[in-house]
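# An overview of the molecular structure
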Amino acid sequence: MFSYLYALLSGMYCQQLDQYLWGYDCTCQCRNLPDHHTFFDIWLLLTTIGIAAIYYFAINHPRWNHRWHWLLFLTLSVIINFAIGAYFTYDDLTNGNLNTPQTSCLLNQYDSNGNTIGQFIEVQDCLMFGLSNAIFAAVFFFIVSIGMKFGSRNCKYVPF
């Protein structure tokens, strides 16, 4: 769905993590593995639409008809999507999912003798992917809010 949008912010984290998320397979040098972007797309949609629906339809109270209340829910969506992006990529990094024969060329740097001399994907790459996921969550929350606010009785003038 939004997989190609992640390419816009792929410069925030290393190219090897981007290739892993696209499903790059080192053995055939092609995209043969599952595309992980779909997982993040689904979570982005579910959390963003769910949080916006809670604000506009479940809470929907005159006391919550302020821009800073809307910003609170936007922040909640951003934090959740940051955590999802950072956690699942970090989990793959630490649990060895990136150190399989199909993906080891994306994780490890090798010398001419085939010895591992370094690692391409680091923890900060996982955090930066989480940040890019959070940026998309903020944009998508704003777009969803434009559509949902008209169905709300008390919050239809928020965020503008």
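As shown above, the structure is provided for reference.
These lines cover the structure that appears in this document, whether it is placed above or below. The structure displayed is predicted, hence computed values, not measured ones.

## Notes on the overall build of the chain
- Along the backbone of the chain there are six helices and four strands.
- The order of helices and strands in the chain, counted from the N terminus, is α-α-β-β-α-α-α-β-β-α.
- Computed over C-alpha atoms, the radius of gyration of the chain comes to 19 Å, more than 25% over the 15 Å expected from 2.2 N^0.38 for 160 residues, which places it beyond the range of a compact globule.
- Judged by the C-alpha coordinates and their principal axes, the chain covers about 70 × 25 × 25 Å.
- Summarising the internal contacts of the chain: among those between residues at least 6 apart in sequence, 67% fall at separations of at least 24.
- Accessible surface, the chain: about 8600 Å² in total, of which carbon and sulfur atoms supply 62%.
- Considering the chain, the positive charge centre built from 6 side chains and the negative charge centre built from 9 side chains are found 36 Å apart.

## As for the state of the cysteines
- Taken as a whole, this structure holds one disulfide when the rule is applied.
- Two residues share a disulfide in this structure: Cys28 and Cys30, whose sulfurs sit 2.1 Å from each other. Its S-S torsion of about -75° marks the bond between Cys28 and Cys30 as left-handed, since a negative value means left-handed.

## A closer look at the environment of Thr27
- Mapped onto the elements, Thr27 comes out in the loop between strand S1 (24–25) and strand S2 (30–31).
- By relative accessible area, which is 56% here, Thr27 ends up exposed.
- Residues Thr27 and Thr103 lie 76 residues apart in sequence; the distance between their C-alpha atoms is 8.1 Å.
- When sequence neighbours within four positions are dropped, the list of residues in contact with Thr27 reads Pro101 and Gln102.

## Quick word on the packing of helix H3 (residues 37–59) against helix H6 (residues 123–148)
- Two elements in contact, H3 and H6, have axes whose closest approach is 9 Å; the angle formed by their N-to-C orientations is 40°. Between H3 and H6, the angle is such that the two are oblique. Taken as a pair, H3 and H6 cross one another with a handedness that is right-handed. Here His37, Phe40, Leu44, Leu45, Thr48, Ile49, Ile51, Ala52, Ala53, Tyr56 and Phe57 of H3 come into contact with H6, specifically with Phe129, Asn133, Phe136, Ala137, Phe140, Phe141, Val144, Ser145 and Met148.
- Taken together, the residues of the contact of H3 with H6 break down into 16 nonpolar, four polar and no charged.

## What about the nonpolar core?
- Leu17, Leu21, Ile121 and Phe129 are the most contacted members of the largest nonpolar core, which totals 20 residues.
- Elements with a contribution of two residues or more to this core: helix H2 (15–22), H3, helix H4 (67–94), helix H5 (104–107) and H6.
- Considering every element that reaches this core, the biggest residue donor is H6, with four residues.
- Leave out the neighbours within four places in its chain, and Ile121 touches Cys14, Gln16, Leu17, Leu93, Leu98, Leu106 and Leu107.
- Within the second largest apolar cluster, 12 residues are counted, among which are Leu45, Ala52, Tyr55 and Phe73.

## Remarks on H2
- For H2, the tally of buried residues reaches seven of eight residues, placing the bulk of the element in the interior.
- Every buried residue of H2 is accounted for by Gln16, Leu17, Asp18, Gln19, Tyr20, Leu21 and Trp22.
- A positive phi of about 95° marks Gly23, the residue just after H2.

## Considering the side chain of Gln16
- For Gln16, the location among the structural elements is in helix H2.
- Excluding anything up to four places from it in sequence, Gln16 contacts Leu106, Phe120 and Ile121.

## Here's the deal with a nonpolar patch on the surface
- A cluster of nonpolar side chains, Phe82, Tyr90, Val123, Leu127, Leu131, Ile135, Val139, Phe142, Ile143, Ile146 and Phe150, forms an exposed patch at the surface whose accessible area comes to about 930 Å².
- At the level of secondary structure, the elements contributing two or more residues to the nonpolar patch comprise H4 and H6.
- In terms of residue count, H6 provides more of the nonpolar patch than any other element does, eight residues in total.
- With respect to the helices, strands and loops of the structure, Val123 is situated in helix H6.
- Assessed through its relative accessible area of 41%, Val123 is described here as partly exposed.

About the cut-offs
- Residues numbered from 1 in each chain as written.
- Predicted model: local features only at pLDDT ≥ 70, side-chain atom pairs only at ≥ 80, totals over all residues.
- Heavy atoms only, no water.
- Helix = DSSP H or I, 4+ residues; strand = E, 2+ residues; numbered from the N terminus.
- Rg over C-alpha atoms; globule rule 2.2 N^0.38 Å.
- Contact = heavy atoms within 4.5 Å.
- Areas by Shrake-Rupley, 256 points an atom, 1.4 Å probe, with all protein chains shown as cover.
- Lys, Arg positive; Asp, Glu negative; His and termini not counted.
- Charge placed at Lys NZ, Arg CZ, Asp CG, Glu CD.
- Disulfide = S-S within 2.5 Å.
- Buried < 20%, exposed > 50% of the residue type's maximum accessible area, 1.4 Å probe, protein only.
- Axes fitted to C-alpha atoms, helices over the stretch in contact; angles between N-to-C directions.
- Parallel < 35°, antiparallel > 145°, perpendicular 65-115°, else oblique.
- Left-handed = near helix turned anticlockwise from the far one by under 90°.
- Nonpolar A, V, L, I, M, F, W, Y, C, P; charged D, E, K, R; others polar.
- Core = buried A, V, L, I, M, F, W, Y, C linked by side-chain atoms within 4.5 Å.
- Patch = residues over 30% accessible without salt bridge, like charges linked within 9 Å, V, L, I, M, F, W, Y side chains within 5 Å.
- Salt bridge = Lys/Arg side-chain N within 4 Å of Asp/Glu carboxyl O.

Take it as geometry only, folks, not as evidence of what the structure does.
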